[in-house]
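A structural walkthrough
Spelled out from the first residue to the last, the chains are:
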Amino acid sequence: MSNGNKPTPGRVPNVAPADRFDAADITIEGDAPLALDEIHERTNDGGAELERVTGVSASEEALKLEAFMHETVVIIIAEDSDEEALPVVTLCVNGTTQPIFRGVPTPVKRKYVEALARAKETKYRQSLSDPNDPASITMVPRTALAYPFSVESDPNPNGRAWLRELLKQPA
């Protein structure tokens, strides 16, 4: 029975070697080493290309917050007891990713610390006040950090208070 031009399952259509295109054989030009905490365009000389933004007014408070969120903080994400947990936690803030190896002191911008502090998960356990009444079952929540971490060093004296307040916020 013919199925048109579709290949029969389990069979590979005959392709001449001259027609083959292997993407792995393509050399990508311009690759240069890039630190994990810096994702931006590079100029031809390897430096960062900065774009000046005009016509936007920002309050002094907003500028201070932006500078605060870009300060470098050294953190350690705790090892996971789950053998199947990935050894790398990848955080994403505004489309920029930051991979962090568990158990390794890693310098990151404070904005990624905020992402970690907001990554919480809530688990529930059942509590039964009357074993003879199934309606007495209540679900007791317990919220904890999805990726427990510690701050090894923070250059800003206000960083600890900021993080403490952030961690108190609900999930």
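The rules behind the values
- Residues numbered from 1 in each chain as written.
- Predicted model: local features only at pLDDT ≥ 70, side-chain atom pairs only at ≥ 80, totals over all residues.
- Heavy atoms only, no water.
- Pairing = 2+ DSSP bridges.
- Helix = DSSP H or I, 4+ residues; strand = E, 2+ residues; numbered from the N terminus.
- Axes fitted to C-alpha atoms, helices over the stretch in contact; angles between N-to-C directions.
- Contact = heavy atoms within 4.5 Å.
- 1 Å grid on protein atoms, 1.4 Å probe; cavity = no way out; pocket = protein on both sides within 12 Å on 5 of 7 lines; lining within 4 Å.
- Points joined across faces, edges and corners; volume = space filled by probe spheres on them.
- Nonpolar A, V, L, I, M, F, W, Y, C, P; charged D, E, K, R; others polar.
- Patch = residues over 30% accessible without salt bridge, like charges linked within 9 Å, V, L, I, M, F, W, Y side chains within 5 Å.
- Areas by Shrake-Rupley, 256 points an atom, 1.4 Å probe, with all protein chains shown as cover.
- Salt bridge = Lys/Arg side-chain N within 4 Å of Asp/Glu carboxyl O.
- Core = buried A, V, L, I, M, F, W, Y, C linked by side-chain atoms within 4.5 Å.
- Buried < 20%, exposed > 50% of the residue type's maximum accessible area, 1.4 Å probe, protein only.
- pLDDT = per-residue confidence, 0-100.
- Polar contact = N/O pair within 3.5 Å; in protein donor to acceptor, adjacent residues only side chain to side chain.
- Phe/Tyr/Trp six-rings, centres within 6.5 Å; stacked < 30°, edge-to-face > 60°.
- Lys NZ or Arg CZ within 6 Å of the ring centre and 35° of its normal.

**Details of the sheet that holds strand β1 (residues 72–77)**
Where strands meet in a sheet, backbone hydrogen bonds hold them as pairs that are either parallel or antiparallel. Across the sheet, three strands lie side by side as β4-β1-β7; this open sheet has antiparallel pairing. Unpaired on one side and paired on the other, β4 (106–109) and β7 (149–153) mark the two borders of the sheet. Mean inter-strand twist for the sheet, computed between neighbouring axes without regard to direction, equals 45°. Here β1 pairs with β4 via four bridges, running antiparallel. The residue of β4 that forms the bridge with Thr-72 is Lys-109. Its contacts with the sheet put helix α2 (residues 110–118) on β1, β4 and β7, and the angle it makes with β4 is roughly 95°.

**Things to note about the layout of surface pockets**
Estimates place the volume of the second largest pocket at around 250 Å³. Counting only elements with at least two residues in the lining of the second largest pocket, the list comes to α2, β7 and α3 (159–168). Per-element accounting of the lining of the second largest pocket gives the leading share, six residues, to α3. A class-by-class count of the residues in the lining of the second largest pocket yields eight nonpolar, four polar and five charged.

**Details of a nonpolar patch on the surface**
On the surface, a nonpolar cluster with roughly 410 Å² of combined accessible area is contributed by Tyr-124, Leu-128, Ile-137 and Met-139. Those elements that place two or more of their residues in the nonpolar patch are β5 (120–128) and β6 (137–145).

**Here we look at the nonpolar core**
Judged by nonpolar contacts, the single largest core of 15 residues is most densely connected at Ile-75, Ile-77, Val-113 and Phe-149. Those elements that provide at least two residues to this core are β1, β2 (88–93), α2 and α3. With four residues, α2 is the largest single contributor of residues to this core. Setting aside chain neighbours within four positions, we find Ile-77 in contact with Val-89, Ile-100, Arg-102, Gly-103, Leu-116, Tyr-147, Pro-148 and Phe-149.

**Here we look at the confidence of the model for the protein**
Mean pLDDT over the protein stands at 76; residues scoring 70 or higher make up 68%. Every residue in residues 6–31 is under pLDDT 50, and counting partners more than four places away or in other chains gives three contacts.

**Things to note about the side chain of Arg-110**
Here Arg-110 shows up in helix α2. Within the structure, the side chain of Arg-110 is placed 3.0 Å from the backbone oxygen of Phe-68, a separation counted as a polar contact.

**A look at the packing of aromatic side chains**
By the definition in use, this model includes one aromatic pair. For the ring pair Phe-68 and Trp-162, a centre distance of 5.5 Å and an interplane angle of 80° mean the geometry is edge-to-face. Of this pair, Phe-68 sits in helix α1 (residues 60–69) while Trp-162 sits in helix α3, and the two are 94 residues apart along the sequence. According to the relative accessible area criterion, Trp-162 is partly exposed, its value standing at 21%. Here the basic side chain of Arg-110 rests over the ring of Trp-162, its NZ or CZ set 5.6 Å away from the ring centre.

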